[in-house]
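Listed below, chain by chain, are the residues.
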Amino acid sequence: MIRKNAIMIERVLKQKINERLFKGKAIIILGPRQIGKTTLLKMIAKDFHEEILWLNGDETNDRNRFNEPSSSKFRALIGNKKIVIIDEAQRIQDIGLCIKLMVDNIPGVQVIASGSSSLDLAHKINEPLTGRKYEFFLYPISFAEMKDHAGLQEEERLLEHRLIYGYYPEIVVKPGEEVELLRLITSSYLFKDLYALEKVKKPVLLEKILQALALQLGQEVSYHEIGQLTGADNETVERYIYLLEQGFVIFRLPSLSRNVRNEIKRSRKIYFWDNGIRNALIGRFNPIALRDDTGALWENFLVTERMKINHYYLRYRNYMFWRTHSQQEIDFIEDYDGRLHAFEFKWNPKKKANLPSVFSEAYPGSEIRLISRENYQEFIM
């Protein structure tokens, strides 16, 4: 939910969170910085007025409230408030134990915590809050959310713009400032939590790895090749990629390998959660008509939009791609309901897709669909 001239863009997650309020569990909201977590929390809080206690882990005074935690101390702090919101919770020591004390000992109070580093926050909350939390991920604004806000026709008109600049909230609501804002996000916010964890000893190397990944968008990624390009060993490349996943910058898609002898095994493709971030990392903002990577941008857009909407509506699927050593391939596969659902992506609807018969023979009963600009809306809504 974002403001533009007092107009709100409703986030799907708001309704999903409201449905789980006051059910005896903490609510944890994860997502990268600048993605709209605080704005979403304010929209939820708006419905409860004075019944909210708001704490911010970035504020020293608020962090100190969690020193020497005890149920009696939190009971006095909360008073007659009904909801406790803890923004940037990963900055608070022993936050998992603190939330556990509130959930277990102060009935009727709803705790909502947000964090921008899943690696740090997960370490602090997973064990103390086992069985005591609902966990949600907030992604960049989705095509479906913008369709509901501005209308399908308007969002279709802006499709090429979204492929280049993406869906970070500020980018969506401040047209004309996209390049400056994306450079600010990638230089000032994107890696802040990773640096704070002191797990990234060479920031320049991290950026080189990201740039190499951006240039291989939609392709199989070799850690060895990335290492050769950046001067890093395989172990360092793998560790930095893992950290970038936990920081909500990228995600890995594994290969499907079950039935065909020459299927590529133990491979992966890497996608960016936002097209704009990917393009900012390599400084490419030229129009679609002047690009040589439109197919990769289209694939990244479709995969991320599909995963956003599946997550928000609790559609549980396993995600993969498929490729053989003889270069037969399928871009994206979902495994659910006991069968495989395969999708091939084409930016040009007139371009024919070669859907491999060997896949259908190896995996009988599978569904194979071509997704292009003529039918993509149904795929991502």
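Located above this text is the structure these notes cover.
Residues numbered from 1 in each chain as written. Predicted model: local features only at pLDDT ≥ 70, side-chain atom pairs only at ≥ 80, totals over all residues. Heavy atoms only, no water.

### Remarks on the overall build of the chain
Note the threshold: Helical segments are the DSSP runs of H or I of at least four residues, strand segments are the runs of E of at least two, and each set is numbered from the N terminus. Burial classification: accessible surface area is computed with a 1.4 Å probe over protein chains only, and a residue below 20% of its type maximum counts as buried, one above 50% as exposed, and the rest as partly exposed. Each accessible area value is a Shrake-Rupley result obtained with a 1.4 Å probe; residue values ignore everything except the protein chains displayed when judging cover. Here the positive residues are Lys and Arg and the negative ones are Asp and Glu; neither His nor the chain ends is included. Charged side chains are reduced to one point each, which is NZ for Lys, CZ for Arg, CG for Asp and CD for Glu.
The helix and strand tally for the chain stands at 19 helices and 13 strands. Reported as C-alpha extents along the three principal axes, the dimensions of the chain are approximately 65 × 50 × 45 Å. Taken across its 381 residues, the chain has 55% of its residues classed as buried. Of the roughly 17500 Å² of accessible surface on the chain, a fraction of 45% belongs to carbon and sulfur atoms. The chain carries 56 positive and 51 negative side-chain charges, and their two centres are separated by 2 Å.

### Regarding the pairing of strand β13 (residues 367-371)
Here is the rule we go by: Two strands are counted as paired when DSSP detects at least two bridges linking them. Orient the strands so they point away from the viewer, and a crossover whose first-strand-to-second-strand path over the helix runs clockwise is right-handed.
Note: strand β12 (residues 339-345) against β13, 5 bridges, orientation parallel. In the sheet register, Phe345 faces β13, and the bridge partner there is Ile371. On the question of chirality, the crossover connecting β12 to the parallel β13 by way of helix α18 (residues 357-362) is right-handed.

### Some remarks on helix α13 (residues 203-215)
Rules: Here the expected length of a helix is defined as 1.5 Å per residue gap, with one fewer gap than residues.
Relative to the 18 Å expected for 13 residues at 1.5 Å per residue, α13 spans 19 Å between its end C-alpha atoms, a close match to the ideal helical length. Among the residues making up α13, those that are buried are Leu205, Leu206, Ile209, Leu210, Ala212, Leu213 and Ala214.

### With respect to the packing of helix α11 (residues 178-189) against helix α16 (residues 275-282)
Put simply, the test is: An axis is simply a line fitted to the C-alpha atoms; with a helix, the fit covers only the stretch in contact. Between two such axes, the angle follows the N-to-C directions and lies from 0 to 180 degrees. Each angle gets one of four labels, with under 35 degrees taken as roughly parallel, over 145 as roughly antiparallel, 65 to 115 as roughly perpendicular, and the rest as oblique. Contacts were defined at the residue level, with two residues in contact if any of their heavy atoms lie within 4.5 Å. Charged means Asp, Glu, Lys or Arg here, nonpolar means Ala, Val, Leu, Ile, Met, Phe, Trp, Tyr, Cys or Pro, and polar covers whatever is left, Gly included.
In contact at an axis separation of 9 Å, α11 and α16 are set at 80 degrees when each is read in the N-to-C sense. As the angle between them shows, α11 and α16 are arranged roughly perpendicular. Only Gly276, Ile277, Ala280 and Leu281 of α16 make contact with α11, whose side of the interface consists of Leu182, Ile185 and Thr186. Partitioning the contact of α11 with α16 into residue classes produces 5 nonpolar, 2 polar and no charged.

### Thoughts on the pattern of salt bridges
What counts is decided by this rule: Salt-bridge detection follows one rule: a side-chain nitrogen of Lys or Arg within 4 Å of a carboxyl oxygen of Asp or Glu.
One pass over the structure, following the stated rule, counts 29 salt bridges. Two residues, Glu145 and Arg11, come together in a salt bridge whose shortest N-O distance is 3.1 Å. Placement of Glu145 in helix α7 (residues 143-150) and of Arg11 in the loop between β2 (7-8) and α1 (12-18) is noted, with a sequence separation of 134 residues between them. For the residue pair Glu145 and Arg11, the accessibility class agrees, reading buried in each case. Across the pair Asp293 and Arg278 runs a salt bridge whose closest N-O atoms are separated by 2.7 Å. Of this pair, Asp293 sits in the loop between α16 and α17 (294-312) while Arg278 sits in helix α16, and the two are 15 residues apart along the sequence. When sorted by exposure, Asp293 lands in the same class as Arg278, which is buried. Overlapping salt bridges, with partners in common, bring together Arg278, Arg284, Arg291, Asp292 and Asp293 in one network.

### Quick word on the packing of aromatic side chains
Two aromatic rings are characterised by how far apart their centres lie and by the angle between their planes. Heads up, the rule is: Ring pairs are drawn from Phe, Tyr and Trp, using the six-membered ring of Trp, whenever the two centres fall within 6.5 Å, and their geometry is named by plane angle: stacked under 30 degrees, edge-to-face over 60, tilted for the rest. In this analysis the charged atom, NZ for Lys or CZ for Arg, is taken to sit over a ring once it is within 6 Å of the ring centre and within 35 degrees of the ring normal.
Taken as a whole and judged by the stated rule, the model has 22 aromatic pairs. A centroid spacing of 5.2 Å and a plane angle of 70 degrees characterise the contact between Trp322 and Phe359, whose relative ring orientation is edge-to-face. Here Trp322 is found in strand β10 (residues 318-323), whereas its partner Phe359 is found in helix α18, with 37 residues between them in sequence. Each member of the pair, Trp322 together with Phe359, is buried. The rings of Phe137, Tyr139, Phe248, Phe251, Tyr271, Trp273 and Tyr312 are connected pair by pair, giving a single aromatic cluster. Here the guanidinium or amino end of Arg20 rests over the ring plane of Tyr134, the centre of that ring lying 6.0 Å away. Against the face of Tyr223 rests Arg268, its NZ or CZ located 4.1 Å from the ring centre.

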